[in-house]
Amino acid sequence: MAMAPRLRKLVLTAHIATSVGWFGAILAYLALDLTAVTSADVALVRAAYLAMAVAVWTVILPLALASVLIAILNALGTTWVLFRHYWVVVKLVLTLFATTILLLETRTVRALAEAAGSGADPRELPGTLPHSVGGLVVLLTTLILSVYKPRGMTRHGWRTQQRPRPQVAPTE
């Protein structure tokens, strides 16, 4: 089912915007995370943990969820389809994996922000660097797949392509 060109461009624009936004938000979060685990300034560390929680709940999580939903809509409405090419399937799996980990990690980020805001010394909190860096690597991988689009069709894609197409009678 192909979308009309204007709708396809609108959906593609929304997909790019949410994906780039998610990528940028992860970079900002990573900067806060690095500050939280490396700074000796108690007030700065406390502020970093509190800002991390705000960033996750108000920017990163909404962009991740929007990116997933719009990506599925985009794939279903274009010639790439959802399960025709391996690179699309890998992108979908990676994006769903990253979003799932993000959803699980939100509790940790909230707990760290609450601990940092409680008055205790926040410099002893563990941070979330492995998840920050991992999320960035996953998003970079999906970006590379989007740009290079490696060849290779899934079995479903190959079978779909091999089906005989209905013959159109020539007009005289």
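Residues numbered from 1 in each chain as written. Predicted model: local features only at pLDDT ≥ 70, side-chain atom pairs only at ≥ 80, totals over all residues. Heavy atoms only, no water.

1. Section: helix 2 (residues 42–76)
And step 1. Look at helix 2: 49 Å from first C-alpha to last across 35 residues, which is about the 51 Å you get at 1.5 Å a residue.
And step 2. Within helix 2, the axis deviates most sharply at Val-56, by approximately 45 degrees.
And step 3. The backbone nitrogen of Ala-43 has a side-chain oxygen 3.1 Å away, supplied by the residue at the start of helix 2, namely Asp-41. (Helix = DSSP H or I, 4+ residues; strand = E, 2+ residues; numbered from the N terminus. Expected span 1.5 Å × (residues − 1). Bend = angle between axes of the 7 residues up to and from the residue. Polar contact = N/O pair within 3.5 Å; in protein donor to acceptor, adjacent residues only side chain to side chain.)

2. Some remarks on unusual backbone geometry
And step 1. If you check the backbone angles, Lys-149 has positive phi at about 45 degrees while not being a glycine.
And step 2. Mapped onto the elements of the fold, Lys-149 is located in the loop between helix 4 (129–148) and helix 5 (155–162).
And step 3. On the accessibility criterion, Lys-149 (32% relative accessible area) is partly exposed. (Buried < 20%, exposed > 50% of the residue type's maximum accessible area, 1.4 Å probe, protein only.)

3. Some thoughts on the packing of helix 2 against helix 3 (residues 86–117)
And step 1. Orientation of helix 2 relative to helix 3, taken along the N-to-C sense of each, is 160 degrees, at an axis distance of 9 Å. With respect to helix 3, the element helix 2 is oriented roughly antiparallel. Along this stretch, helix 2 crosses helix 3, giving a crossing that reads as left-handed.
And step 2. Of the residues in the contact of helix 2 with helix 3, the class split is 22 nonpolar, 4 polar and 2 charged. (Axes fitted to C-alpha atoms, helices over the stretch in contact; angles between N-to-C directions. Parallel < 35°, antiparallel > 145°, perpendicular 65-115°, else oblique. Left-handed = near helix turned anticlockwise from the far one by under 90°. Nonpolar A, V, L, I, M, F, W, Y, C, P; charged D, E, K, R; others polar.)

4. Considerations on the nonpolar core
And step 1. By size, the foremost hydrophobic cluster in this structure holds 33 residues, and its most contacted members are Trp-22, Tyr-49, Ile-60 and Leu-102.
And step 2. Counting residues per element, the ones that place at least two in this core are helix 1 (5–38), helix 2, helix 3 and helix 4.
And step 3. With 11 residues, helix 2 is the largest single contributor of residues to this core.
And step 4. Residues in contact with Leu-102, not counting those within four places in the same chain, are Trp-22, Val-56, Ile-60, Leu-61 and Ala-64. (Core = buried A, V, L, I, M, F, W, Y, C linked by side-chain atoms within 4.5 Å. Contact = heavy atoms within 4.5 Å.)

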